[in-house]
Protein chains: 2
Amino acid sequence: MTILALTGGVGGAKLSLGLSHVLEPNEVTFVVNVGDDFEHMGLSISPDVDTLTYTLAAIVNESTGWGRADESWDCLSELENFEADTWFQLGDRDLALHLFRTALLKRGKTLTEVTQTICERLGVEYKIAPVTDSSLRTRVLTAQGSLAFQDYFVRLKCEPEVSAVEYHQRTLASLSPAINTDEITGVVICPSNPFLSIDPILEVDELRSLLINRDFPVVAVSPIVGDRAIKGPTAKMMRELKMPVTCVGVAQHYIELMDGYVIDDADAHQMREIEELGIRVRNAPSIMRSLEDKVALARVCVDFLKELR
Amino acid sequence: MTILALTGGVGGAKLSLGLSHVLEPNEVTFVVNVGDDFEHMGLSISPDVDTLTYTLAAIVNESTGWGRADESWDCLSELENFEADTWFQLGDRDLALHLFRTALLKRGKTLTEVTQTICERLGVEYKIAPVTDSSLRTRVLTAQGSLAFQDYFVRLKCEPEVSAVEYHQRTLASLSPAINTDEITGVVICPSNPFLSIDPILEVDELRSLLINRDFPVVAVSPIVGDRAIKGPTAKMMRELKMPVTCVGVAQHYIELMDGYVIDDADAHQMREIEELGIRVRNAPSIMRSLEDKVALARVCVDFLKELR
């Protein structure tokens, strides 16, 4: 049996860490967004894969949720002297991962293979799979034109108003061979940004079809609590895309793909509205500060999947 | 008037620093070897250009003669954890230069333009010109086969026995536009490795013709003192190439290209033998430890050029 956990940035990595305490390595595959991936100064960078890898390797910077703990910034400070692009925060230790990945990709390894090697070297026993080895790239259509993901997200700090999100080269994207589709017993959609983290994963046709024609349950966790995102631009984007900024809005977005929905205790009053969409609901504390929070929320998801099976 | 100083690694950078104390920025152009340049983990690296740039910017590591002073090695230590290639010493600060260069080259800038920009940002007023913007690459033919320069020099620490040195794509190499050939009043061949630093510069046809058909004097400084090289594999290579390992051996190598030759005081007894080759000779202390040593040797070269004019 394998549960697939679909995950993007920091929120997804937190629930994934919880899942890694509830499930054995052979019971879960973490399927990670690659729509954020980009080339920067010759380096091949996969931000969401890295955030999860650092989190599961217990070397993540816990205060930011991304990047390395015990990081140093000598390279970046020199780049500032050169008046080079420094909007993407390249830490000295983090650079090693980007250099190593770039070197292996240049030798013809796939992103899946590179990710496996990195996990081995960092002692991560859980399987982290980039959803595809193809170059699927998120672009954000905004009042300032069509922006590459990192331009929107990091350089412009999500400030431009969003009118749509596009996924380039999605038709070419085939599912990573690390994802075994024969033995799926359930899927968890982590509380990541629906447009920037989860949708690009679902743009891989094989995975989307699998979920639409599923013979296993899918549980999603709302990234919205009250009228806010726990982190990042989810709420702002929902407003700009004219969606209700509530956990119900997210439920409507995922409606054909999920069977069960975990919302925050604070939103329990919206349970009936969601159930009327034909979706089963559980409420739980969904703001994950401590490891205990993450493990508890992961347990809710796994138990819910069992119930729905 | 412009003096061209042909220079490669650490020895060349030392004399170049001396020349920068004797000549004004408009009186000298440093023409630098690019045969060592290579791609490493996605980075475009120009070791000899960097050594000279760091030296003239007064940020070189004075104990090694290359790399940055006040360097940190967090990235490299992580690369070791990844079991990645760590034979090329990438310091955290040094990495910034490689990333910046790589980014500018990827935007379509030439190596000449990139080098000018780097010098501006580091406050280097002297003109550093890579001899060519083309991809001229040194390969070393050895008992272990044909090796890329960095494989031979850094990874294998110059251990394989050398039978010949080759310069790939030399026929395509055109002279850097930063080198003004109309106003040359003299050339200094720095005490760099003849085969690995100076010959690849002279493989650029336009420069070699200019030196062969010269109407200006050329002064070379011997990289051999006694039967040893001051630094690096020059003496070992000369032995393997069946050349006499003396300053006379080097003179014979450069014979059609130079008018004056500066040898170490310790080799003054070989003066006559060199003069018999039709070359004027000066002896001087040529081992450059202090800044004063560098300036003094530079002054000998510049005065010698004036005499020969």
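Residues numbered from 1 in each chain as written. Chains lettered and ligands numbered in written order. Predicted model: local features only at pLDDT ≥ 70, side-chain atom pairs only at ≥ 80, totals over all residues. Heavy atoms only, no water.

All right, on to the overall build of chain A then. Across its full length, chain A holds twelve helices and 14 strands. What you see for chain A is a C-alpha radius of gyration of 19 Å, in line with the 19 Å of a compact globule of 309 residues. Projected onto the principal axes, the alpha-carbon positions of chain A cover approximately 55 × 45 × 40 Å. Here chain A holds 309 residues, and 60% of them are scored as buried. (Helix = DSSP H or I, 4+ residues; strand = E, 2+ residues; numbered from the N terminus. Rg over C-alpha atoms; globule rule 2.2 N^0.38 Å. Buried < 20%, exposed > 50% of the residue type's maximum accessible area, 1.4 Å probe, protein only.)

Take the sheet that holds strand β9 (residues 184–189) of chain A next. Residue and element names in this part refer to chain A. Reading across the sheet, the seven strands line up as β5-β2-β1-β9-β10-β13-β14 and stay open at both edges, with parallel pairing between neighbours. Each end of this open sheet is capped by a strand with a single partner; those strands are β5 (127–130) and β14 (280–284). Within the sheet, the average angular offset between the axes of one strand and its neighbour, ignoring direction, is 25 degrees. Each of β1 (2–7), β2 (28–32), β9 and β10 (218–221) is contacted by helix α1 (residues 10–22), which is oriented at about 160 degrees to β1, the strand it contacts most. Strand contacts of helix α7 (residues 194–202): β1, β2 and β9, with the helix running at about 130 degrees to β1, the strand carrying the most contacts. (Pairing = 2+ DSSP bridges. Axes fitted to C-alpha atoms, helices over the stretch in contact; angles between N-to-C directions. Contact = heavy atoms within 4.5 Å.)

So, about the packing of aromatic side chains. All chains considered together, the criterion is met by twelve aromatic pairs over all chains. Note on B:Phe38 and B:Phe88: the rings are 5.0 Å apart at their centroids and 70 degrees apart in plane angle, and the pair reads as edge-to-face. Note that B:Phe38 is positioned in strand β3 (residues 38–40) and B:Phe88 in the loop between α3 (74–81) and α4 (92–106), a separation of 50 residues in sequence. Looking at B:Phe38, the relative accessible area reads 13%, which means it is buried. Members of the aromatic cluster, each reached through a chain of ring pairs, are A:Phe38, A:Trp87 and A:Phe88. (Phe/Tyr/Trp six-rings, centres within 6.5 Å; stacked < 30°, edge-to-face > 60°.)

To continue, consider the sheet that holds strand β8 (residues 162–168) of chain B. Residues and elements named next belong to chain B. One open sheet holds the three strands; their spatial order is β7-β6-β8, and the pairing between them is antiparallel. The two strands at the open ends of the sheet, each matched to only one other strand, are β7 (145–148) and β8. Between one strand axis and the next, the sheet turns by 25 degrees as a mean value, whatever way the strands run. Two strands pair when backbone bridges link them, and strand β6 (residues 137–142) and β8 are joined in this way by six bridges, in the antiparallel orientation. Each residue of the ladder has a partner; that of threonine 142, found in β8, is valine 162. Packed on one face of the sheet, helix α7 (residues 194–202) meets β6 and β8 and runs near 30 degrees to β8.

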